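Geometric and topological summary
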Amino acid sequence: AKSCGRNNFQYYISAMSARALDVLYMENALHTALDNDEYYLEYQPKLDLKTRRIVGVEALLRWDSPQLGCVMPSNFISALEESGDICQVGSWVLETAIAQAKVWMDAGRPMVVSVNVSARQFKQPDWVDEVMALLDTAGLPPGLLQIEVTESLLMDGADRNEAMIRALTQQGVRVALDDFGTGFSSLSYLRRFPITELKIDRSFVVDIRKNTTAYKVIKTIIDLGQALDIRVIAEGVETPEQYGLLAEMGCDEIQGYLLSRPLSVPAFEAFLDNFGGG
Ligand code: C2E
Ligand code: CA
Ligand code: CA
Ligand code: CA
């Protein structure tokens with residue numbers, strides 16, 4: 001069975017740095033990985049702090065390489081972006097996540113499934129049409145799919161990107177602004193793009209303690225989200241203290257190791273059962 005356990009090669013790779021690996025070998029291996037069925041997704045739950053229900057999951061890509069073991073995305077996404085294979089792999093991620101969302105919906109446990117998107121993928125002509133076609137084929141209501149984009153992705157070619165985000169949200173697809181607060185002009189992005197969710201970057205959550213700057217920044221983001229009617233989720237929540245402060249400030253959702261690490265489908269379903277049916 002596929003799993004990303006602690007004893008895997010990912011530690012070796014990060015220790016020796018990705019640069020030391022043969023780049024050509026990597027790109028070739030990443031290319032054949034799709035045909036060889038070596039990619040899979042893990043799902044990390046998102047908890048609604050008001051209803052205390054699991055309302056969604058973020059789909060996170062993993063590569064189970066026969067040579068390297070389980071490889072984490074920080075070690076291969078940039079290589080996929082450089083070769084352009086991210087487009088094909090990204091389509092596979094979308095299709096797989098959408099199919100999984102349909103399975104959960106049919107099982108009476110609807111989950112908003114979030115998918116990360118790379119700039120290269122987003123720049124493809126007709127990408128919005130592809131997303132809508134995948135939803136249509138699977139029979140998934142667009143509201144159960146969320147696309148996670150970053151400010152840097154939106155920055156380049158803002159007019160076209162604005163039209164794409166608008167087309168997605170008008171058809172009911174949700175759009176989250178990921179790693180919020182780490183960019184240069186976050187506020188202008190909120191005004192321009194009709195996004196439906198803000199993800200407060202983990203770097204703020206790590207430092208949150210009452211009356212710290214991080215605390216005040218997060219409080220301001222939460223208040224802003226409420227004023228603009230945009231849901232706010234905090235990522236990277238690891239401690240009960242962080243959870244308590246976020247709940248007190250009125251944050252809508254949390255995601256992080258405190259609740260759960262990213263899980264395989266069966267592990268996530270077991271998690272849901274223990275949680276009380278989702
Ligand atoms: P991200 O979108 O910011 O995803 C959140 C990352 O934080 C994930 O790392 C997740 O496992 C990790 N994380 C979640 N909770 C905690 C926590 O409490 N503490 C800590 N320290 N970490 C936590 P992961 O899975 O290694 O993914 C890294 C990045 O790779 C993602 O960052 C995303 O930018 C990218 N990525 C993952 N899957 C895909 C994909 O399918 N397509 C694209 N284009 N990028 C992807
Ligand atoms: Ca993300
Ligand atoms: Ca993020
Ligand atoms: Ca982040």
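In the annotation of an unreviewed UniProt entry, the chain is listed under the name GGDEF domain-containing protein and assigned to Pollutimonas subterranea.

Side note on the packing of helix α11 (residues 213-228) against helix α12 (residues 240-249)
Contact geometry of α11 with α12 gives a least axis separation of 10 Å together with a crossing angle of 40 degrees. It follows that α11 is oblique to α12 by the angle criterion. The two elements α11 and α12 meet at a crossing, and its hand is right-handed. The segment α11 lies against α12, with Tyr-215, Ile-218, Lys-219 and Ile-222 engaging Leu-245, Leu-246, Glu-248 and Met-249. In the contact of α11 with α12, the residues fall into six nonpolar, no polar and two charged.

Things to note about the coordination of the calcium ion (ligand 4)
For the calcium ion (ligand 4), the protein coordination sphere consists of Asp-179 (OD), Asp-201 (OD) and Glu-235 (OE), at 2.4 to 2.5 Å. Separating the calcium ion (ligand 4) from the calcium ion (ligand 3) is a distance of 3.3 Å, and Asp-179 supplies a donor atom to each of them. One end of the pair, Asp-179, is in strand β6 (residues 174-180); the other, Asp-201, is in the loop between β7 (197-200) and α10 (202-206), and 22 residues separate them in sequence. Residue classification places Asp-201 among the buried positions, given a relative accessible area of 12%.

Points about the coordination of the calcium ion (ligand 3)
Every protein donor of the calcium ion (ligand 3) is listed here as Asp-178 (OD), Asp-179 (OD), Glu-235 (OE) and Glu-235 (OE), and their distances to the metal cover 2.2 to 2.8 Å. Coordination of the calcium ion (ligand 3) draws on donor residues from a single chain, spaced D-D-x55-E in sequence. Separation of the calcium ion (ligand 3) from the calcium ion (ligand 2) amounts to 3.8 Å, with Asp-178 serving as a shared donor to the pair. Of the two residues, Asp-179 sits in strand β6 while Glu-235 sits in the loop between β8 (231-234) and α12, which places them 56 residues apart along the sequence.

Describing the site of ligand 1
In the vicinity of ligand 1 lie 22 residues, with Gln-44, Arg-62, Ser-118, Glu-238 and Tyr-257 positioned nearest. Glu-58 is positioned such that a nitrogen or oxygen atom in its side chain is 3.2 Å from an oxygen atom of ligand 1. For ligand 1, an oxygen atom lies 3.1 Å from a polar atom in the side chain of Asn-116. Across the complex, the protein chains shield 81% of the 800 Å² of accessible surface that ligand 1 would expose by itself. Listed by contribution, the elements that provide at least two residues to the shell around ligand 1 are β2 (53-65) and β6.

With respect to the packing of helix α4 (residues 86-106) against helix α6 (residues 127-138)
Two elements in contact, α4 and α6, have axes whose closest approach is 10 Å; the angle formed by their N-to-C orientations is 30 degrees. The angle between α4 and α6 places the two elements in the roughly parallel class. As for the relative orientation of α4 and α6, their crossing is right-handed in sense. Of the residues in α6, those in contact with Ser-91, Leu-94, Glu-95, Ile-98 and Lys-102 of α4 are Trp-127, Glu-130, Val-131, Leu-134, Leu-135 and Ala-138. Class assignment of the residues belonging to the contact of α4 with α6 gives a composition of seven nonpolar, one polar and three charged.

Considerations on helix α8 (residues 158-170)
Think of an α-helix as turning once every 3.6 residues; residues three or four places apart then point the same way. Here α8 spans 18 Å end to end across 13 residues, near enough to the 18 Å set by a 1.5 Å rise per residue. Listed in full, the buried residues belonging to α8 are Ala-158, Asn-161, Met-164, Ile-165, Leu-168 and Thr-169. The buried residues of α8 occupy one face: seen down the axis, they fall within an arc of 125 degrees. Those residues of α8 that are exposed and angled more than 90 degrees off the buried face are Asp-159 and Gln-170. Buried residues along α8 sit in contact with α5 (119-122), α6, β5 (145-149), α7 (151-155), β6 and α9 (186-192). Positive backbone phi, approximately 100 degrees, marks Gly-172, located one or two places after α8.

Description of the pattern of salt bridges
Within this structure, the stated rule accounts for 16 salt bridges. With a closest N to O distance of 3.7 Å, Lys-46 and Glu-197 form a salt bridge. With Lys-46 in strand β1 (residues 39-48) and Glu-197 in strand β7, the pair connects residues that are 151 residues apart, well separated along the chain. The two residues Lys-46 and Glu-197 agree in class, both being buried. Lys-219 is the salt-bridge partner of Asp-223, the closest N and O atoms lying 3.0 Å from each other. Here Lys-219 and Asp-223 lie together in helix α11, a separation of four residues that amounts to about one turn. For Lys-219, a relative accessible area of 31% corresponds to the partly exposed category. Among the charged side chains, a network of salt bridges with common partners joins Lys-46, Glu-58, Glu-148, Glu-197 and Lys-199.

Parameters at a glance
Residues numbered from 1 in each chain as written. Chains lettered and ligands numbered in written order. Predicted model: local features only at pLDDT ≥ 70, side-chain atom pairs only at ≥ 80, totals over all residues. Heavy atoms only, no water. Axes fitted to C-alpha atoms, helices over the stretch in contact; angles between N-to-C directions. Helix = DSSP H or I, 4+ residues; strand = E, 2+ residues; numbered from the N terminus. Parallel < 35°, antiparallel > 145°, perpendicular 65-115°, else oblique. Left-handed = near helix turned anticlockwise from the far one by under 90°. Contact = heavy atoms within 4.5 Å. Nonpolar A, V, L, I, M, F, W, Y, C, P; charged D, E, K, R; others polar. Donors = N, O, S within 2.8 Å, 3.2 Å for Na, K, Ca; no water. Buried < 20%, exposed > 50% of the residue type's maximum accessible area, 1.4 Å probe, protein only. Near = heavy atom within 4 Å. Polar contact = N/O pair within 3.5 Å; in protein donor to acceptor, adjacent residues only side chain to side chain. Areas by Shrake-Rupley, 256 points an atom, 1.4 Å probe, with all protein chains shown as cover. Expected span 1.5 Å × (residues − 1). Arc of directions from axis to C-beta. Salt bridge = Lys/Arg side-chain N within 4 Å of Asp/Glu carboxyl O.

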